[in-house]
Structures are given as structure tokens and as C-alpha cells.
Amino acid sequence: MVLAAGLGTRMRPLTDDRPKALVEVGGRALIDHVLDRLVEVGVTRAVVNVHWFADRLESHLAARRDVEIVISDERAELLETGGGLKKARGLVGDDPVWVANIDSVWIDRGDALNDLARLWDPECMDVALLLARRAGSIGWPGRGDGFLDEDGRFRFRGEAPEAPLAYMGVHITRPQVVDDGPDGRFSLSPIWRRLADEGRLFASVMDGDWMHVGDPEAVRAADARLAS
């Protein structure tokens, strides 16, 4: 599932006439960067949620021939990450799924998505996050999201002043994790924090350069990094 329904408020004025998913970086729309990565690891069907300039995004996606696109329509109400996945439950099914934001672009020096897939073990985990090292990342002003234990379990930063790793917007999940969520809008974050406390939130770290493309300045920085 590709989460593409956001308003892109921080990306304005670039999103005054288009969804954030269609903002271009390196001459390619953000959503195509993400779909390209997923197709590379064998994804043949992607559920994409839409809201802001939904017609324009649907028209763009219809031109892709390398992956089947199924639309989860959030025109009536923007549902955030958890609510969006819950609304799409009937479309994604019950098997583990990739879930990806559209504001991450990266230069991979390893095999990030396949490494995450190899880590995945539904017997001991409910979610597996893809992480980036804060050092050298572009467009991420935060103090880091957490730490990775030797066994691959992820711990949130908590009271620590900073942490070396940041969630880069891609994960594998059992879609059932949202089934007990409220109706309407809600975030995945509280679910992840509960799973971390239960020892069922794992992660792997990408070997590469991560660009969080959240505002026009980050677009310019990512353009420059890709050009170099």
C-alpha cells in the first residue's frame, strides 16, 4: 500500500495545483520513485489512497503498465496512516504487505527492501520498519526515532535527547494491526509504540543516502543530491 492521500501542506506552493505525490524530484514524481522501488522487489499490485487532487493522481497512475494500481478513495475524509490502512483492508487482504509513504527518495548502496523482506518473520513480529541513519540524511530535522537492538528489535527514543536512526517511510506489516483501531482518522504511531513494548516491532537499517522530501527546500536538496 502506498500512502498518497496527504494534503502536502508543508510542500506549498508546489502542492497548490497537484498532490504531493506528483511533486517531481530528479525529474520523476515522488510516487513513481516509490512504485519503482516496490516493482524492483517484485510487487505487481499496489493499493494507493487518494484525497488531494485525487483525479489528477488517478490519471497519472493509470499510465503505469508495470504494476496494477488499485485506488482506495479518501476524497470524503482524510484518514491518516492507520485510518487509511484500515479503510483499505478489503483491498490489501490478510497477508503481510509493504506500506510506503511517498516522501522518501533514497540512493541504495545495498539491498534495502530485500533486506527488510528477509528480516520479516510473522512468528515473532507484527511490523518491520526500514530505517535510515540520521547522519548524512537530507530533509530530516528531527532528533531521531530510536535505536536498534542486536536482535533487530526497535526501541523508540523515549526520554533520550537524540537517537541515531530515523524511520524512512517504508515498512512491512500484518494488516490486522489496524483492525482494532477506531473508525475514521488515526495514526499508526500508537500501535507501533505498543508493539515495541511487546517486543514485536523490528527494523533494519538501509545502507545508503536517504532524502526525506517534505518541503520545497528538501526538493531542491534532493535534486542536487541525485544530480551529483
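Coordinates for the structure precede this section.
Throughout, a residue's number is its position along its own chain's written sequence, starting from 1. Where local features are concerned, this predicted model is filtered to residues with pLDDT of at least 70; where side-chain atom pairs are given and counted, the filter is 80 or more; whole-chain, interface and lining totals use all residues. Each side-chain value is worked out from all heavy atoms of the structure, with water and hydrogens disregarded.

## Focus on the side chain of threonine 173
Part 1: Numbering of helices and strands starts at the N terminus; helices are DSSP runs of H or I of at least 4 residues and strands are runs of E of at least 2. Position of threonine 173 among the secondary structure elements: in strand β11 (residues 165-173).
Part 2: For the purposes of these results, a polar contact is taken to be a pair of N or O atoms within 3.5 Å, where, inside protein, one atom must be able to donate a hydrogen and its partner to accept one; residues adjacent in sequence count only when each atom of the pair is a side-chain atom. Of the polar contacts made by the side chain of threonine 173, one reaches the backbone oxygen of aspartate 126; its length is 3.4 Å.
Part 3: Sequence-distant contacts of threonine 173, defined by excluding residues within four places in its chain, comprise Leu85, Pro96, Val97, Val99, Trp120, Asp126 and Val127. Contacts between residues were defined by any pair of non-hydrogen atoms, one from each residue, lying within 4.5 Å.

## Some remarks on helix α2 (residues 54-61)
Part 1: Every buried residue of α2 is accounted for by Ala54, Leu57 and Leu61. What you see down the axis of α2 is that its buried residues fit within an arc of 65 degrees, all on one side. In α2, those exposed residues whose orientation departs by more than 90 degrees from the buried face are Asp55 and Ser59.
Part 2: Where α2 is buried, its residues contact α1 (30-40), β4 (45-50) and β5 (68-73). Categorising residues by exposure relies on relative accessible area from a 1.4 Å probe, with only protein chains included: less than 20% of the type maximum marks a residue as buried, more than 50% marks it as exposed, and the intermediate range marks it as partly exposed. Each C-beta atom gives one direction from the helix axis, and the arc is the one those directions make.

## Re the layout of surface pockets
Part 1: As a volume, the largest pocket reaches approximately 1,100 Å³.
Part 2: Grid points spaced at 1 Å over the protein atoms alone were grouped into cavities, where a 1.4 Å probe fits but cannot get out, and pockets, open sets with protein on both sides within 12 Å along at least five of seven lines, with lining residues defined by an atom within 4 Å of a point. Lining of the largest pocket is provided by 42 residues; of these, Thr81, Asn101, Asp103, Tyr167 and His212 occupy positions nearest its centre.
Part 3: For the lining of the largest pocket, the elements supplying multiple residues, two or more each, are α3 (80-87), β10 (154-156), β11, α6 (189-197) and β13 (208-212).
Part 4: Broken down by element, the lining of the largest pocket gets its largest block of residues, four residues, from β11.
Part 5: Split by residue class, the lining of the largest pocket holds 18 nonpolar, 15 polar and nine charged.
Part 6: Grid points are joined across faces, edges and corners, and a volume is the space filled by probe spheres set on the points. Approximately 250 Å³ is the volume attributed to the second largest pocket.
Part 7: Lining the second largest pocket are 14 residues; nearest its centre among them are Met1, Val43, Arg45, Val97 and Trp98.
Part 8: Elements supplying a minimum of two residues to the lining of the second largest pocket: β4, α4 (89-92) and β6 (97-101).
Part 9: Charged means Asp, Glu, Lys or Arg here, nonpolar means Ala, Val, Leu, Ile, Met, Phe, Trp, Tyr, Cys or Pro, and polar covers whatever is left, Gly included. Its residues placed into classes, the lining of the second largest pocket shows ten nonpolar, two polar and two charged.

## What to know about the environment of tryptophan 210
Part 1: With respect to the helices and strands, the residue tryptophan 210 is situated in strand β13.
Part 2: The spacing of tryptophan 210 and alanine 227 is 17 residues in sequence and 14 Å in space, taken between C-alpha atoms.
Part 3: Beyond its immediate sequence surroundings of up to four residues, tryptophan 210 is in contact with Ser104, Val105, Trp106, Ala132, Ser137, Ile138, Trp140, Ala166, Tyr167 and Met168.
Part 4: At a separation of 2.9 Å, a polar atom in the side chain of tryptophan 210 contacts the side chain of serine 104.

## Describing the pattern of salt bridges
Part 1: A carboxyl oxygen of Asp or Glu within 4 Å of a side-chain nitrogen of Lys or Arg is what we treat as a salt bridge. According to the stated counting rule, one finds 25 salt bridges in the structure shown.
Part 2: Among the salt bridges present, the one from aspartate 66 reaches arginine 64, with a minimum N-O distance of 2.7 Å.
Part 3: Take arginine 64: its relative accessible area is 11%, and that puts it in the buried class.
Part 4: Of the charged contacts in the structure, one is a salt bridge between aspartate 151 and arginine 153, with a shortest N-O distance of 2.6 Å.
Part 5: Several salt bridges converge on common partners, so that one network encompasses Arg28, Asp32, Asp36, Arg64 and Asp66.

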